[in-house]
Amino acid sequence: MKLRNPLIVGSSGLTSKADKNGKWEEAGAGAVVLKSLFEEQIEAQGDLLMAGASDYPEAEDYVRAYVRANGREEYLQLIRDSKAACHVIPVIASVNCYRADTWADFAAEIERAGADALELNVFYLDTDIHSDSREVLRHYSSILKDVRRRISIPIIMKIGKGFSTIPAFVNRLQGFGANAVVLFNRYYRPDIDIERCRIVAAPPFSDPSELGDTLRWTAIVSGALPDMPIAASTGVHTWQDAIKCILAGASAVQLCSTLYKHGAKVIPEMITQIADWMEHTKYESVEEFRGRLSLSNAADASMYERTQFMKYISSRETI
Ligand SMILES: Cc1cc2nc3c(=O)[nH]c(=O)nc-3n(C[C@H](O)[C@H](O)[C@H](O)COP(=O)(O)O)c2cc1C
């Protein structure tokens, strides 16, 4: 996919309506990723059939309302309407799932509705103490293979950073037909209210300090797999952050928290500031500086692999 610029509006409530997506195009975004349809929503259609056969009409009403509000038809319509509202930028559909056997056929409908690509946000929280990490990797690959068989538009895998072997994992995803990866999804987080002694939701937005892991893995993966396009995500809040990600090897960046906090004006401001920086550093295209500081190109690339604080801590001890 060729984008007019590397700023993508990430999947979230920001992209849940077609008219909003038209506005992102007007603001200058390079692409939009639609709010995810959740696997449970796709399956709700099946539940409806089951509820129809049940003895509980109230349950049927409930499921019918749920499907009406959240169902797959609405999602296909969101794709069609967003395509109509966005004349030049790609519209990327998104499915949030943890298996594919029950919904993979729906991917073909997403393609037919006109989506330019499909982002798969795969995750399940494995809490089983007997589980085998190779099984987890096989699980991701099998979802990708199932969907790949059904569609020909690009598939983008959006993954979290909780893997012990990120480059090998991305390599495997590429082998099974992923066209790009998003590094990284940022999951919903719990917190604890110590006054009420209850579990509560942590603030939903990222902090700029979260960019470090995104940069590290973008640089390492792009150094190891230069043909795998990466959209850097989590902690990209400023135009400088976007440039850092591209220097590390990202082809694009996804923006979410900063757009929630500061609104659509962020996009034209970032575009102007990146263009100014390119002018004074004498780059004519993003491609000229993309990956200049990846693991395979940076002079001091070992910084990406340094994980322990030994020297820093010993020279700044305060207690
Ligand atoms: C309110 C909210 C809703 C989100 N909804 C989705 C979603 O439906 N699908 C998805 O893949 N990511 C979703 N995300 C994650 C974002 O797309 C993004 O990966 C994450 O916020 C990290 O990027 P940031 O640091 O720019 O916020 C959501 C994030 C927020 C804050």
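Each remark here, short or long, concerns the structure printed above.
Note that the structure is predicted; figures quoted are calculated from it, not measured.

Cut-off values and rules
- Residues numbered from 1 in each chain as written.
- Predicted model: local features only at pLDDT ≥ 70, side-chain atom pairs only at ≥ 80, totals over all residues.
- Heavy atoms only, no water.
- Near = heavy atom within 4 Å.
- Polar contact = N/O pair within 3.5 Å; in protein donor to acceptor, adjacent residues only side chain to side chain.
- Areas by Shrake-Rupley, 256 points an atom, 1.4 Å probe, with all protein chains shown as cover.
- 1 Å grid on protein atoms, 1.4 Å probe; cavity = no way out; pocket = protein on both sides within 12 Å on 5 of 7 lines; lining within 4 Å.
- Sits in = over half its atoms within 2 Å of the grid points.
- Nonpolar A, V, L, I, M, F, W, Y, C, P; charged D, E, K, R; others polar.
- Axes fitted to C-alpha atoms, helices over the stretch in contact; angles between N-to-C directions.
- Helix = DSSP H or I, 4+ residues; strand = E, 2+ residues; numbered from the N terminus.
- Parallel < 35°, antiparallel > 145°, perpendicular 65-115°, else oblique.
- Left-handed = near helix turned anticlockwise from the far one by under 90°.
- Contact = heavy atoms within 4.5 Å.
- Buried < 20%, exposed > 50% of the residue type's maximum accessible area, 1.4 Å probe, protein only.
- Salt bridge = Lys/Arg side-chain N within 4 Å of Asp/Glu carboxyl O.
- Pairing = 2+ DSSP bridges.

**Q** Would you mind going over the site of the ligand with me for this structure?
**A** In the neighbourhood of the ligand, 18 residues make up the surrounding shell, with Ser-11, Ser-36, Asn-121, Ser-206 and Ser-257 lying closest. Contact distances for the ligand include 2.9 Å between an oxygen atom and a side-chain N or O atom of Lys-158. In the environment of the ligand, an oxygen atom lies 2.5 Å from a nitrogen or oxygen atom belonging to the side chain of Ser-257. Look at the ligand: alone it shows 620 Å² of surface, and the protein chains cover 89% of it. Using a 2 Å cut-off from the grid points, one finds that the ligand occupies the largest pocket. Here the shell around the ligand is built from residues that sort into five nonpolar, 10 polar and three charged.

**Q** Which parts of the structure should I look at to understand the packing of helix 9 (residues 239-248) against helix 11 (residues 266-280)?
**A** Angle between the axes and distance between the axes are the two parameters that describe a pair of packed helices. Where helix 9 contacts helix 11, the two axes come as close as 9 Å, and the packing angle between them is 55°. With respect to helix 11, the element helix 9 is oriented oblique. As for the relative orientation of helix 9 and helix 11, their crossing is right-handed in sense. From helix 9, Trp-239, Ala-242 and Ile-243 reach across to helix 11, where they touch Met-270, Gln-273, Ile-274 and Trp-277. Residues belonging to the contact of helix 9 with helix 11 are distributed by class as follows: six nonpolar, one polar and no charged.

**Q** Explain unusual backbone geometry to me, please; I cannot follow it from the model alone.
**A** Excluding glycine, most residues fall at negative phi; most peptide bonds, likewise, are trans. Leu-183 connects to Phe-184 through a cis peptide bond whose omega is 10°. Secondary-structure assignment places Phe-184 in the loop between strand 7 (180-183) and strand 8 (190-193). For Cys-197, which is not glycine, the phi torsion reads 50° and is therefore positive. Within the element layout of this structure, Cys-197 appears in the loop between strand 8 and strand 9 (198-201). For Cys-197, a relative accessible area of 68% puts it in the exposed group. Phi is positive for Thr-234, which is not a glycine, with a value near 95°. Tracing the backbone through its elements, the reader meets Thr-234 in the loop between strand 10 (230-232) and helix 9.

**Q** Help me understand the side chain of Asn-21, please; the structure alone is not making it clear to me.
**A** Position of Asn-21 among the secondary structure elements: in helix 1 (residues 18-27). Apart from residues lying up to four places away in sequence, Asn-21 is in contact with Leu-14, Thr-15, Val-32, Leu-34, Leu-78, Ser-82 and Cys-86.

**Q** Can you walk me through the pattern of salt bridges in this structure?
**A** A side chain with one charge may pair with a side chain of the opposite charge, provided their charged atoms come close. Within this structure, the stated rule accounts for 11 salt bridges. Between Asp-146 and Arg-149 there is a salt bridge, with the nearest N and O atoms lying 2.7 Å from each other. Here Asp-146 and its partner Arg-149 are both found in helix 6 (residues 133-150), three residues apart, which amounts to about one turn of the helix. A salt bridge links Glu-210 to Arg-186, with the shortest nitrogen-to-oxygen separation between them at 2.7 Å. In this pair, Glu-210 is assigned in the loop between strand 9 and helix 8 (211-224) and Arg-186 in the loop between strand 7 and strand 8, connecting sequence segments 24 residues apart. A network of salt bridges, in which partner residues are shared, links Arg-186, Arg-189 and Glu-210.

**Q** What's the story with helix 5 (residues 104-112) in this structure? I'm lost.
**A** Each α-helix turn comprises 3.6 residues. Residues three or four places apart therefore point the same way. Taken together, the buried positions of helix 5 are occupied by Ala-104, Phe-106, Ala-107, Ala-108, Ile-110 and Glu-111. Following helix 5 by one or two positions, Gly-114 adopts a phi angle in the positive range, close to 110°.

**Q** What's the story with the pairing of strand 9 in this structure? I'm lost.
**A** Remark: a regular strand shows side chains that alternate across the two faces of the sheet. Note: strand 8 against strand 9, four bridges, orientation antiparallel. Its bridge partner being in strand 9, Asp-191 is matched across the sheet by Val-200. The turn linking strand 8 back onto strand 9 is made up of four residues, and Cys-197 within it adopts a positive phi angle of 50°.

**Q** Would you mind going over the packing of helix 5 against helix 6 with me for this structure?
**A** Two elements in contact, helix 5 and helix 6, have axes whose closest approach is 8 Å; the angle formed by their N-to-C orientations is 45°. Here helix 5 lies oblique to helix 6, going by the angle between them. In the crossing of helix 5 with helix 6, the sense of the turn from one axis to the other is right-handed. Contacts from Ala-104, Asp-105, Ala-107, Ala-108 and Glu-111 in helix 5 reach Asp-146, Val-147 and Arg-150 in helix 6. Per-class residue counts for the contact of helix 5 with helix 6 are four nonpolar, no polar and four charged.

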